[in-house]
Amino acid sequence: MSKIVVIGAGVGGLAVAARLAAQGHSVTLIEQAPVVGGKLGVEHVDGFVFDTGPSLLTLPQVLEDLFTAIGGPPMADDLPVRQLEIACRYTFPDGVVLDLPGDPREIPGALDSALGPGRGAQWSSFMERAERIWDATLTPFLQSPIDLRTMLRLSRRLRDLTTIAPWKSLRGLGTSYLSDPRLRMLLDRYATYTGSDPRRAPAALASVPYAEQAFGSWYIDGGLGRIASVLLSRAQALGVEVRLDTRVSEILTDATGVRGVQLSDGSVVDADFVVANADAQQVFNDLLTPDQPGARSAARRLRRTTRSLSGFVLLLALDNPPGDQPHHHVLFAEDYDDEFDAVFGRKGRARPVPRPTIYVSAPSDPAITPDDQTGAWFVLVNAPPHDPAEGVDWDAPGLREHYADQVLDLMAARGLDVSDRIRHRVIISPADLERRTLTPGGSIYGTSSNGALAAFLRPSNRSPVPGLYLVGGSSHPGGGLPLVMMSAKIVADMIGAAG
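Now for a look at the structure at hand. Owing to the predicted nature of the structure, the values given are computational and were not obtained by experimental measurement. (Residues numbered from 1 in each chain as written. Predicted model: local features only at pLDDT ≥ 70, side-chain atom pairs only at ≥ 80, totals over all residues. Heavy atoms only, no water.)

Along the protein, the regular secondary structure elements total 18 helices and 19 strands. Over its C-alpha atoms the protein spans a radius of gyration of 22 Å, differing by no more than 12% from the 23 Å that the globule rule assigns to 499 residues. Its C-alpha atoms give the protein principal-axis dimensions of about 65 × 55 × 50 Å. Taking the intrachain contacts of the protein between residues at least 6 apart in sequence as the baseline, contacts between residues at least 24 apart amount to 72%. Split by element, the accessible area of the protein, about 19,500 Å² in all, is 51% carbon and sulfur. Each charge class in the protein can be summarised by its mean position, and for the 47 positive and 57 negative side chains these summaries are 9 Å apart. (Helix = DSSP H or I, 4+ residues; strand = E, 2+ residues; numbered from the N terminus. Rg over C-alpha atoms; globule rule 2.2 N^0.38 Å. Contact = heavy atoms within 4.5 Å. Areas by Shrake-Rupley, 256 points an atom, 1.4 Å probe, with all protein chains shown as cover. Lys, Arg positive; Asp, Glu negative; His and termini not counted. Charge placed at Lys NZ, Arg CZ, Asp CG, Glu CD.)

The structure is reproduced here in structure tokens:
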């Protein structure tokens, strides 16, 4: 049995702590915040409950696999999942509204009805390619460690390499299948699921819409934040020692590798292994000493990457919300390229997007509102990370309030006016995200997937420092609930069962 310290109680940290405890190890989980969940946050406002992080559950089988691995009652006992009949409503700049069905068999007909004959066939053709990309990448990439052997294995499988088309961007691949600009806009949206620009993100991200449509869009009554609270209970039942409101100031090393962590109060927790569920940049720049060779090389590698986009969030407690609103709704920007240019600063300094795409999550769930005449809406727009020196200073006086008003006005202009229904409004800016999660700039996914080599520049789960592992959205295989849980399985398998 090894002594293992897990830094950070986001979903990745909770999942890997539970898996390692189930494998017989002694695990201490340390979290700087007073609550668990990390980016899977929950906000309570006067009887309203808001998920402040992920609002969509995809690949529920990954969550089921986690609960099977850690034992205990079936997942459905604590986290019953519900599939959505409408996966998402899309409002396009020309005013056309598409309700995308949750059943993939109904999608072609819905596309034909909303966008015109032949659009369903175009999308189906693209999804066939996306399925092949999913099949080619699932086991060797998403479910396996990323290392030189993985890259060599992929490069030798010429058929898979041709399918994945690493020389193409997601936008480029979509253009070769989709003639309707609204279908291309729909596809572009999936690049933002990894915090990326579709013009630079690899074609392999076509697997994202395939996974969502093939395996469904799901919700957990009471909110997705319940995943974290249930995982915490299961981890503690397995013997994990959980220390909340406790900050790690340094990962301690010697000539052989890690030997534990030092806390901000000066005390030391010894460990044979350390698993960091923290942003990789913070790990290599702040938690390891500069004289650690592995940390220096990893930090240099991270400097070659592009930070992912962040998000500007409004939590809206509404009276008498519109009754026909689906769970998920995307109101597209008139100029999507201008949005990506603004967020990533491609034409000068990054800036708040003047007319951004707006995402609204409006769950129909009595467990998250005071009564059936109210609604708890989560509104998100893509935003550049907090960067006072070279980008946007989201703490500048008046900026967050002015931009919140701008987003609400834009919602109204696109047909979703709730301004006179707002009982409470909470603003969460990229600067707030940085403070809440210790993620530099509030970058939601760590590094973006911009560029053909981006996936291989993302930090691997086994760090260059012996005994130190990385788990979570800023490390392999990436961000989002399913990938973070896959990351936890990869790390647990690397460390292995207690001897």
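As a further point, take helix H2 (residues 60-70). Among the residues of H2, Pro60, Val62, Leu63, Leu66, Phe67 and Ile70 are the ones counted as buried. Seen end-on, H2 carries its buried residues on one side only, within an arc spanning 160°. Of the residues one or two after H2, Gly71 is the one with positive phi, at around 75°. (Buried < 20%, exposed > 50% of the residue type's maximum accessible area, 1.4 Å probe, protein only. Arc of directions from axis to C-beta.)

By convention here, two paired aromatic rings are described through the distance between centres and the angle between planes. Throughout the structure, instances matching the rule amount to 16 aromatic pairs. Between the aromatic rings of Trp134 and Tyr210, the centroid separation amounts to 6.1 Å while the plane-to-plane angle is 50°, which identifies the pairing as tilted. Of this pair, Trp134 sits in helix H5 (residues 119-142) while Tyr210 sits in helix H10 (residues 207-215), placing them 76 residues apart in sequence. By relative accessible area, which is 7% here, Trp134 ends up buried. Its relative accessible area of 12% is what places Tyr210 among the buried residues. Taken together, a centroid distance of 5.7 Å and an interplanar angle of 75° make the contact between Phe332 and Tyr336 edge-to-face. (Phe/Tyr/Trp six-rings, centres within 6.5 Å; stacked < 30°, edge-to-face > 60°.)

This part is about the sheet that holds strand S9 (residues 241-243). The 5 strands are arranged S9-S2-S1-S13-S19 in an open sheet whose pairing can be described as parallel. Strand pairing shows two members of the sheet lacking a second neighbour, S9 and strand S19 (468-470), which therefore form its edges. Each neighbouring strand pair of the sheet contributes to a mean axis angle of 20°, computed without reference to strand direction. Against the sheet, helix H1 (residues 11-22) engages strand S1 (3-7), strand S2 (26-30) and strand S13 (273-276), with an angle of about 165° to S2. (Pairing = 2+ DSSP bridges. Axes fitted to C-alpha atoms, helices over the stretch in contact; angles between N-to-C directions.)

Right, let's talk about H1 for a bit. End to end, H1 covers 16 Å across 12 residues, agreeing with the expected 16 Å (1.5 Å per residue, within 8%). The buried fraction of H1 is high, at 11 of 12 residues. Within H1 the residues assigned to the buried category are Val11, Gly12, Gly13, Leu14, Ala15, Val16, Ala17, Ala18, Arg19, Leu20 and Ala21. Contacts made by the buried residues of H1 are with S1, S2, H2, helix H11 (226-237), S13 and helix H18 (481-495). After H1 finishes, the residue Gly24 shows a positive phi value of roughly 100°. (Expected span 1.5 Å × (residues − 1).)

Between H2 and H11, the least distance of the axes is 11 Å, while the angle of their chain directions is 15°. With respect to H11, the element H2 is oriented roughly parallel. Between H2 and H11 lies a crossing of left-handed hand. Contact with H2, carried on its side by Leu63, Leu66, Phe67 and Ile70, involves Ile227, Val230, Leu231 and Arg234 of H11 and no other residues of that element. For the contact of H2 with H11, the per-class residue count stands at 7 nonpolar, no polar and 1 charged. (Parallel < 35°, antiparallel > 145°, perpendicular 65-115°, else oblique. Left-handed = near helix turned anticlockwise from the far one by under 90°. Nonpolar A, V, L, I, M, F, W, Y, C, P; charged D, E, K, R; others polar.)

This brings us to the sheet that holds strand S7 (residues 97-101). Strand order in the open sheet formed by 7 strands is S7-S6-S15-S16-S17-S14-S18, with mixed pairing between adjacent strands. Each edge of the open sheet is held by one strand with a lone partner, namely S7 and strand S18 (422-428). For this sheet, the mean inter-axis angle between neighbouring strands, taken without regard to orientation, is 20°. Pairing geometry for strand S14 (residues 310-319) and strand S17 (residues 374-383), over 10 bridges, is antiparallel. Across the sheet, residue Gly311 finds its bridge partner in S17, namely Asn382. Against the sheet, helix H15 (residues 399-413) makes contact with S14, strand S15 (328-331), strand S16 (358-361), S17 and S18, and its axis sits at roughly 125° relative to S18, the strand it touches most.

Here we take up empty space enclosed by the protein. Summed over the entire model, instances satisfying the criterion amount to 2 cavities of 30 Å³ or more. In this model, the largest cavity occupies a volume close to 100 Å³. Elements with a contribution of two residues or more to the lining of the largest cavity: strand S4 (48-51) and S17. Take the lining of the largest cavity: its biggest share by element is 3 residues, from S4. Tallied by class, the residues present in the lining of the largest cavity amount to 7 nonpolar, 5 polar and 1 charged. (1 Å grid on protein atoms, 1.4 Å probe; cavity = no way out; pocket = protein on both sides within 12 Å on 5 of 7 lines; lining within 4 Å. Points joined across faces, edges and corners; volume = space filled by probe spheres on them.)

A word on the layout of surface pockets. One water molecule sets the probe size; rolling that probe over the atoms shows where empty space is left. Reported here for the second largest pocket is a volume of approximately 400 Å³. In terms of lining residues, the second largest pocket is bounded by 21 residues, among which Gln325, Ala362, Pro363, Ser364 and Asp365 are the most central. Counting residues per element, the lining of the second largest pocket draws most heavily on S17, which supplies 3 residues. For the lining of the second largest pocket, the class distribution of residues is 9 nonpolar, 7 polar and 5 charged.

Strand S11 (residues 257-263) sits mainly inside the fold: 5 of its 7 residues count as buried. In the sheet, strand S10 (residues 248-254) pairs with S11 via 6 bridges, with the strands oriented antiparallel. For Thr253, the partnering residue across the bridge sits in S11 and is Val258. Adjacent in sequence and paired antiparallel, S10 and S11 are bridged by 2 residues.

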